[in-house]
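Read off the chains here:
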Amino acid sequence: MVVAYRVSPLTYALLKFAIRTPWVTLINIAARRFIAPELIQNRCNGPELARALAVRLDDEALRLQQIADQTEALGKLGPRGGPDPSERAADAVIAIIEGREP
């Protein structure tokens, strides 16, 4: 997986102030590290996308490691068949408001 985002320059400028993590993709946020490359704004172009994808298609070990890392990160978001993600998010927000660890 390779993530690509390009938005208007104004939106990008506003988002830079709003986003407080080094990552923008949920899988990377959950992992607290870059698992999937994020090609944002000017890096979101054909040659960079092709390069990032080619590396993953050509390097089986890298591809399998990324799959394993993504699976682990998804597990942090909740087990399959577990509580609804929106309920978990609401519980986390309430915990923060109450001064508890989410």
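Conventions adopted
Residues numbered from 1 in each chain as written. Predicted model: local features only at pLDDT ≥ 70, side-chain atom pairs only at ≥ 80, totals over all residues. Heavy atoms only, no water. Phe/Tyr/Trp six-rings, centres within 6.5 Å; stacked < 30°, edge-to-face > 60°. Helix = DSSP H or I, 4+ residues; strand = E, 2+ residues; numbered from the N terminus. Buried < 20%, exposed > 50% of the residue type's maximum accessible area, 1.4 Å probe, protein only. Axes fitted to C-alpha atoms, helices over the stretch in contact; angles between N-to-C directions. Parallel < 35°, antiparallel > 145°, perpendicular 65-115°, else oblique. Contact = heavy atoms within 4.5 Å. Nonpolar A, V, L, I, M, F, W, Y, C, P; charged D, E, K, R; others polar.

**As for the packing of aromatic side chains**
Thought 1: Per the stated rule, a full pass over the model turns up 1 aromatic pair.
Thought 2: Each ring, one from Trp-23 and one from Phe-34, has its centre 6.4 Å from the other, and the planes form 70 degrees; the classification is edge-to-face. Of the two residues, Trp-23 is situated in the loop between helix H1 (9–18) and helix H2 (26–31) and Phe-34 in the loop between H2 and strand S2 (38–40); the sequence distance between them amounts to 11 residues.
Thought 3: The class of Trp-23 is buried, set by a relative accessible area of 14%.
Thought 4: By relative accessible area, Phe-34 is classed as partly exposed at 47%.

**Examining the packing of helix H3 (residues 46–58) against helix H4 (residues 60–76)**
Thought 1: In the contact formed by H3 and H4, the axes pass within 5 Å of each other and the chain directions differ by 100 degrees. With respect to H4, the axis of H3 lies roughly perpendicular. Where H3 abuts H4, its residues Val-55, Arg-56, Leu-57 and Asp-58 lie against Glu-60, Leu-62, Arg-63 and Gln-66.
Thought 2: The class makeup of the residues in the contact of H3 with H4 is 3 nonpolar, 1 polar and 4 charged.

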